[in-house]
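So you can see what is in the structure, the chains are spelled out below.
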Amino acid sequence: MADLKRLYRELVSMEIELWSGIEGRLRAEYGLPLTSFEVLHLLLRRPGSRIQDIAEEFSITVGGTSKVVDRLESTGLCARRANPDDRRSSIVELTPEGRKLVDGALKVFEEELELRIGSVIPEQSVREVTAVLSTLRAAGRALDAERKAAGQTPLPDMRAPKQPGRPAS
């Protein structure tokens with residue numbers, strides 16, 4: 001069990017340090033929190049996303065997602081429009097200003113990933129670690145779904161834990 005506890009600490013510490021390092025640079029160069037960048041980047045990659053789609057992508061609540069989108073919309077980086085397929089929801093789109101900002105911030109994001117990961121471990125290791133983490137996440141989601149279906153343990157809201165430098169959803 002000691003090795004699993006160490007792995008847990010390393011994973012959590014790595015996530016916090018990676019988040020903080022990338023966010024620090026995005027804030028310094030673009031005044032952009034990493035949470036906002038992540039949403040803008042998703043809108044760039046997946047045009048036509050709804051609030052629900054964004055929430056599912058990041059495993060956070062719809063309410064938390066809506067608050068992030070509200071802040072981005074108030075600064076003119078994205079806009080909501082009516083969803084032609086579902087009157088109860090809206091589509092969130094990047095504005096031209098949002099696209100310009102995320103394009104520049106994406107370069108910083110990619111540079112930081114290269115500096116903090118790509119320059120440290122070989123591509124094959126990146127692929128292997130990515131596969132292992134994907135397997136662990138899928139197993140965790142399956143376990144949570146199984147427990148929920150069996151009514152064994154109440155599951156907390158799907159939201160990211162509050163961490164220093166990382167805004168709550």
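Residues numbered from 1 in each chain as written. Predicted model: local features only at pLDDT ≥ 70, side-chain atom pairs only at ≥ 80, totals over all residues. Heavy atoms only, no water.

> Before we move on, can you summarise a nonpolar patch on the surface with the specific residues and values?
A contiguous nonpolar patch, built from Leu4, Leu7, Leu11, Val120, Ile121, Val126, Val129, Val132, Leu133 and Leu136 and spanning about 810 Å² of accessible area, is present on the exposed surface. Secondary-structure elements contributing two or more residues to the nonpolar patch are helix H1 (2-30) and helix H6 (123-150). Tallying contributions element by element places H6 first for the nonpolar patch, with five residues. Examined against the element boundaries, Val126 turns out to sit in helix H6. On the accessibility criterion, Val126 (31% relative accessible area) is partly exposed. (Patch = residues over 30% accessible without salt bridge, like charges linked within 9 Å, V, L, I, M, F, W, Y side chains within 5 Å. Areas by Shrake-Rupley, 256 points an atom, 1.4 Å probe, with all protein chains shown as cover. Salt bridge = Lys/Arg side-chain N within 4 Å of Asp/Glu carboxyl O. Helix = DSSP H or I, 4+ residues; strand = E, 2+ residues; numbered from the N terminus. Buried < 20%, exposed > 50% of the residue type's maximum accessible area, 1.4 Å probe, protein only.)

> Account for the pairing of strand E3 (residues 90-94), with residues named and values stated.
Regular strands place side chains that alternate from one sheet face to the opposite one. Burial within E3 is extensive, with four of its five residues counted as buried. Examined bridge by bridge, strand E2 (residues 78-82) and E3 share five bridges and lie antiparallel to one another. In the strand pairing of E3, Arg81 is matched with Ile91. (Pairing = 2+ DSSP bridges.)

> Before we move on, can you summarise the pattern of salt bridges with the specific residues and values?
Summed over the entire model, instances satisfying the criterion amount to 13 salt bridges. Taking the shortest distance from any N to any O, the salt bridge between Arg88 and Asp86 comes out at 3.1 Å. Each of the salt bridges in this network shares a partner with another, and the network as a whole consists of Arg25, Glu29, Glu111, Glu112 and Arg116.

> Describe in detail the sheet that holds strand E1 (residues 49-50), supporting the description with residues and values.
Ordered by their spatial adjacency, three strands build an open sheet running E1-E3-E2, and the pairing between neighbours is antiparallel. The open sheet has two edge strands, E1 and E2, and neither has a second partner. Lying over the sheet, helix H4 (residues 62-74) contacts E2 and E3, oriented at roughly 110 degrees with respect to E2. (Contact = heavy atoms within 4.5 Å. Axes fitted to C-alpha atoms, helices over the stretch in contact; angles between N-to-C directions.)

> Tell me about the packing of H1 against helix H2 (residues 34-45), and please be specific about residues and values.
As a packed pair, H1 and H2 sit with axes 9 Å apart at the nearest point and diverge in direction by 85 degrees. Here H2 runs roughly perpendicular to H1, going by the angle between their axes. Along its contact with H1, which presents Trp19, Ile22, Glu23 and Leu26, the element H2 presents Leu34, Thr35 and Phe37. The class makeup of the residues in the contact of H1 with H2 is five nonpolar, one polar and one charged. (Parallel < 35°, antiparallel > 145°, perpendicular 65-115°, else oblique. Nonpolar A, V, L, I, M, F, W, Y, C, P; charged D, E, K, R; others polar.)

> With reference to specific residues and values, describe the nonpolar core.
Membership of the largest hydrophobic core comes to 25 residues, with the highest contact counts inside it found for Phe37 and Leu40. If you list the elements that add at least two residues to this core, you get H1, H2, helix H3 (51-58), H4, E3 and helix H5 (96-118). The residues touching Phe37, leaving out its near neighbours within four places in the chain, are Leu26, Leu32, Val102, Ala105, Leu106 and Phe109. (Core = buried A, V, L, I, M, F, W, Y, C linked by side-chain atoms within 4.5 Å.)

By themselves, these figures tell us nothing about what the structure is for.
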